[in-house]
Amino acid sequence: MAQISEHQMAELSDDASASWRPRLSPKARLRWDEVEKRFMLVFPEAALMLNETAPEILKLCDGEHTIEGIVDDLAGRFVGIDREAIKEDVTGFLTRIKRRGLLEG
Amino acid sequence: MAAPRPYTLVAELTYKCPLKCLYCSNPLNYHEMRGELSTEEWCRAFTDAAKLGVVQLHLTGGEPVVRKDLPDLIRHARSCELYTNLITGGTLLDEEKLLLYKECGLDHVQLSIQDTDRRTAELIAGIRSYDKKLDIARLIKKVGFPLTLNVCLHRLNIDHVPALIAQAADLGAQRLELANTAYYGWALENRSALMPTRAQFEHLEPLVKEARARYEGTMEIISTKVDYYSDYPKPCMGGWGKTYMVIVPTGEVLPCHAAQVIPGLHFDTVRNLPLTNIWEHSQGLNAFRGYDWMQEPCRSCPMKTTDFGGCRCQAYLLAKDAAATDPVCSLSPQHGIIREAIAEAEQGNGSLIYRDRKNSERLSARSQEPVPR
C-alpha cells in the first residue's frame, strides 16, 4: 500500500482518534469476487478490489476494536511482519476509506 | 480476445414514467418499445450478469417503481450478491414500499431532484412533484437507506448549485451527483433551452471544489462536465462494451442508454439469447471494442487509450459518423459543430419538448436522419 503522508498520520493520531472504534458503514458490503478470486468492497457507484490484509482490517471494523486493537490483532496473526509497518498499513487504509465516508463510529 | 469483465448493469425495467423531464436520456421513440421483459427474464439476466462479474445493479427506467414485481427482482438480485441501487423519481413511492424493498435486500436509493425552486423544478419535470420528492427523501432516510441525490444540471438550475448542495446536506444525503446534462434523447431535443453558457459552467468548478472539501467524509459530491466545453472528450462509459452494460425494457443489451440511435448495429436481446453469450458475441457490443475501428486523428492519438475517442453516439448524432472522432474533441475536424451549438445555446431560445407519449409519437414520425446541428 502507498505510504501515507504526514498530514494523514496527524489526522488519525490525535487524542480523540485513539479511542475511535471504526465501524464499516452499512452502505458498504464486503464480498468475495469469484472472477479475480479476491475480496472486494462494494458501495454506491464504486468498488474497491482488496489485497490480502484489507479484508482482515475490515472484519475488525466492528465498532469494538480501536486502531491499536486492530494492529495488535493483525500483528499477532501475521508473524514476522514489523508492527510499525502493519500500523502504517492500517492507518493508511482506514484514512483513505474514511475520506470516502465508508467508516462510522 | 475475450470480452472485458463488466462491473455494472443498468437495468431499464420500463419506459413508463409519471415524470416528463426535459433532459431524459430515454430514446425519443420509447413509446414504440412494447413488450417488457418478464420477472423470470430479468432474474435470469441478473444471474448471468453476476456470472460475468457484474457487482453493481442499477434498477431504473422510466420509473422502476411502476413494476409490481420489483420486490421479487430485488430479492433475486440480492441472492446473486449484486449491490442493488434503485434509481427513482420518487413520486410513486411510499413508506410501505420502501420498507418492503429494504426487507427484500435493496442496498441503496438514488432520488432525482430537479431544482430547489418549486416552480423551476416542476417546469423541468413537467408535473407537480416537488413536495412529494422532499417527503420521499426524508422517508428514504427514515427507513434506513443510504441516499444519493441526483440533480441534472442545465441552464435553468445551474445557478442554484449552492442551494442544491445545502439542501442535499440537510436531507442527509451521503452522496450528491451534480450531473451536467448530457445531450442525448430528450436532452438533445431541448439542448438550446438547456445548455448552460460557458461562464455558468466555469463558475461551477470552484464552488464544487470548496463544497467537496467542506463535506469530506460525510457527503460525497460528484460532478460531471459539460463535454462541449472541454478540449478533449469524455471517456464515454469507460469504453464501449467494457465495464458497463445497459439492458433496455425489451431486453436488448447495449453499451449505453443511447446506442440504439446508431444505424447498422445489431443488439441481441436476453429474451432470445443468454446474456453471457451476448456480452461476448453481440455484433453491436463488439462494433467499437478495442481500437481497430478508429479513424484519424484518434487512430494515432496518444489519448486514445484514455478517452477512446469520446462518445460514439455523439459522433453519430452530431457528425453523422459513429466511427468519427467525437466532435467535442478540439482535434476533431468537425469541432465546428460544437462551436455552432454553443453559439446557439448562448442565444437561449428554444421551446421545451416534454418527454411524453404524444411527443414521442410526433418525433418518431419525423425523418430518421439526424438534422445537422
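Placed above this text is the structure.
Residues numbered from 1 in each chain as written. Chains lettered and ligands numbered in written order. Predicted model: local features only at pLDDT ≥ 70, side-chain atom pairs only at ≥ 80, totals over all residues. Heavy atoms only, no water.

**Q** Account for the overall build of chain A, with residues named and values stated.
**A** Scanning chain A for helices and strands turns up 5 helices and 5 strands. Taken from N to C terminus, the helices and strands of chain A fall in the order α-α-β-β-β-β-α-α-α-β. Within chain A, the fraction of its 105 residues that count as buried is 41%. Contacts spanning at least 24 positions in sequence make up 56% of the contacts within chain A whose residues lie at least 6 apart. Total accessible area computed for chain A in this model is approximately 5500 Å², and 51% of it derives from carbon and sulfur atoms. (Helix = DSSP H or I, 4+ residues; strand = E, 2+ residues; numbered from the N terminus. Buried < 20%, exposed > 50% of the residue type's maximum accessible area, 1.4 Å probe, protein only. Contact = heavy atoms within 4.5 Å. Areas by Shrake-Rupley, 256 points an atom, 1.4 Å probe, with all protein chains shown as cover.)

**Q** Quick one: what's the story with the side chain of Thr 148 of chain B, residue by residue and with numbers?
**A** With respect to the secondary-structure elements, Thr 148 of chain B resides in strand E5 (residues 147–153). Other than its neighbours up to four places away in sequence, Thr 148 of chain B contacts His 108, Val 109, Gln 110, Leu 111, Gln 174, Arg 175 and Glu 177 of chain B.

**Q** Can you explain the sheet that holds strand E8 (residues 244–247) of chain B? Please cite residues and give values.
**A** Residues and elements named next belong to chain B. Within the open sheet, the 9 strands sit side by side as E7-E6-E5-E4-E3-E2-E1-E8-E9. Their pairing is mixed. The sheet is open, and its two borders are formed by strand E7 (220–224) and strand E9 (253–254), each paired with just one other strand. In this sheet, strand E6 (residues 175–180) lies alongside E5 in parallel orientation, the contact comprising 6 bridges. Of the residues in E6, the one forming a bridge with Val 151 is Leu 178. (Pairing = 2+ DSSP bridges.)

**Q** Go over the interface of chain B and chain A with me, naming the residues and quoting the values.
**A** Across the contact, 25 residues belong to chain B and 18 residues belong to chain A. On the chain B side of the interface with chain A, the three residues burying the most area are Arg 5, Glu 81 and Tyr 83 of chain B, jointly 30% of the side's total. Remark: the boundary between chain B and chain A carries 4 salt bridges. Asp 33 of chain A is the partner of Arg 5 of chain B in a salt bridge, and the nearest nitrogen-oxygen pair spans 2.6 Å. Summed over the shared surface of chain B and chain A, the number is 12 residue pairs in polar contact (both at pLDDT 80 or more). Mapped by element, the contributors of at least two residues to the side of chain B that touches chain A are helix H1 (39–52), strand E2 (56–60), strand E3 (83–88), strand E4 (108–112) and E6 of chain B. The residue inventory of the side of chain B that touches chain A, partitioned by class, reads 8 nonpolar, 8 polar and 9 charged. (Buried area = accessible area lost by both parts, 1.4 Å probe. Salt bridge = Lys/Arg side-chain N within 4 Å of Asp/Glu carboxyl O. Polar contact = N/O pair within 3.5 Å; in protein donor to acceptor, adjacent residues only side chain to side chain. Nonpolar A, V, L, I, M, F, W, Y, C, P; charged D, E, K, R; others polar.)

All we've got here are geometric facts, nothing functional implied.
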